[in-house]
Amino acid sequence: NRMEDYNKRKTTENKDVKLIEFSDFYDLVTLIVNRGNWKACFEKYFGNVGVIQAKMYELIPVRNDIAHNRNISEDDIMMLNLYSKQILRMINNEN
């Protein structure tokens, strides 16, 4: 896994890192929608688990394209803009 690889290469110059720093977007979605985490931390911000889960899963391929320096379509850009605004409204409780 990524953390084990990092630890093998780690030198005294490297900073100590947290496990969350090795998470990718899919890991973060999984972390957020996990039943225990959802109830304890995220439900108050996002409201409906199905809505945020669907939006984030739709963003995974776009995130991957960006992370791997591939072009994204105009539709992907529009989706990113729309979903980011909707997610920020959820977080800010501006339903």
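Only a predicted model underlies this, so the values are computations on that prediction, with no experimental measurement involved. (Residues numbered from 1 in each chain as written. Predicted model: local features only at pLDDT ≥ 70, side-chain atom pairs only at ≥ 80, totals over all residues. Heavy atoms only, no water.)

### Here we look at the environment of Arg-35
Applicable threshold: The numbering of helices and of strands both runs from the N terminus, where a helix is a DSSP run of H or I of at least 4 residues and a strand a run of E of at least 2. Each residue is placed in one exposure class: buried if its accessible area under a 1.4 Å probe, protein chains only, is under 20% of its type's maximum, exposed if it is over 50%, and partly exposed if it falls in between.
With respect to the secondary-structure elements, Arg-35 resides in helix α3 (residues 35-46). Given the relative accessible area of 74%, Arg-35 is considered exposed. Sequence separation between Arg-35 and Val-49 is 14 residues, and the spatial gap between their C-alpha atoms is 9.3 Å.

### Comments concerning the packing of helix α2 (residues 25-33) against helix α4 (residues 49-67)
Worth spelling out the cut-off: Structural elements are reduced to axes, namely lines fitted to C-alpha atoms, with helices fitted over the stretch in contact, and the angle between N-to-C directions of any two is expressed from 0 to 180 degrees. For classification, angles of less than 35 degrees are called roughly parallel, those exceeding 145 degrees roughly antiparallel, those between 65 and 115 degrees roughly perpendicular, and all remaining angles oblique. Any two residues whose heavy atoms approach within 4.5 Å are treated as being in contact. Each residue is assigned to one class: nonpolar for Ala, Val, Leu, Ile, Met, Phe, Trp, Tyr, Cys and Pro, charged for Asp, Glu, Lys and Arg, and polar for all the others, Gly among them.
In contact at an axis separation of 10 Å, α2 and α4 are set at 175° when each is read in the N-to-C sense. By the angle between their axes, α2 is roughly antiparallel relative to α4. Taken together, the residues of α4 that come into contact with α2 (itself represented by Phe-25, Tyr-26, Val-29, Ile-32 and Val-33) are Val-49, Gln-53, Met-56, Tyr-57, Leu-59, Ile-60 and Arg-63. Within the contact of α2 with α4, the residues separate by chemical class into 10 nonpolar, one polar and one charged.

### Describing the pattern of salt bridges
We count it as follows: Just to be clear on terms, a salt bridge is a Lys or Arg side-chain nitrogen sitting within 4 Å of an Asp or Glu carboxyl oxygen.
For the structure on display, the rule yields two salt bridges. For Lys-39, the salt bridge goes to Glu-43, with nearest N and O atoms at 3.3 Å. With Lys-39 and Glu-43 both in helix α3 and four residues apart, this pair spans about one turn of that helix. Between Asp-65 and Arg-70 there is a salt bridge, with its nearest N and O atoms 3.0 Å apart.

### Quick notes on the packing of aromatic side chains
To keep things clear, this is the line we draw: Put simply, two rings from Phe, Tyr or Trp (the six-membered ring, in Trp's case) pair if the centres are within 6.5 Å, and we call them stacked under 30 degrees between planes, edge-to-face over 60, tilted for the rest.
In the structure shown here, the tally under the stated rule is three aromatic pairs. On the numbers, 6.5 Å between centres and 20° between planes, the contact of Phe-42 with Phe-46 is stacked. With Phe-42 and Phe-46 both in helix α3 and four residues apart, this pair spans about one turn of that helix. Exposure remark for Phe-42: the relative accessible area of 21% places this residue in the partly exposed category. Residue Phe-46 is classed as buried on the basis of its relative accessible area of 11%. Of the aromatic side chains, those joined through ring pairs into one cluster are Trp-38, Phe-42 and Phe-46.

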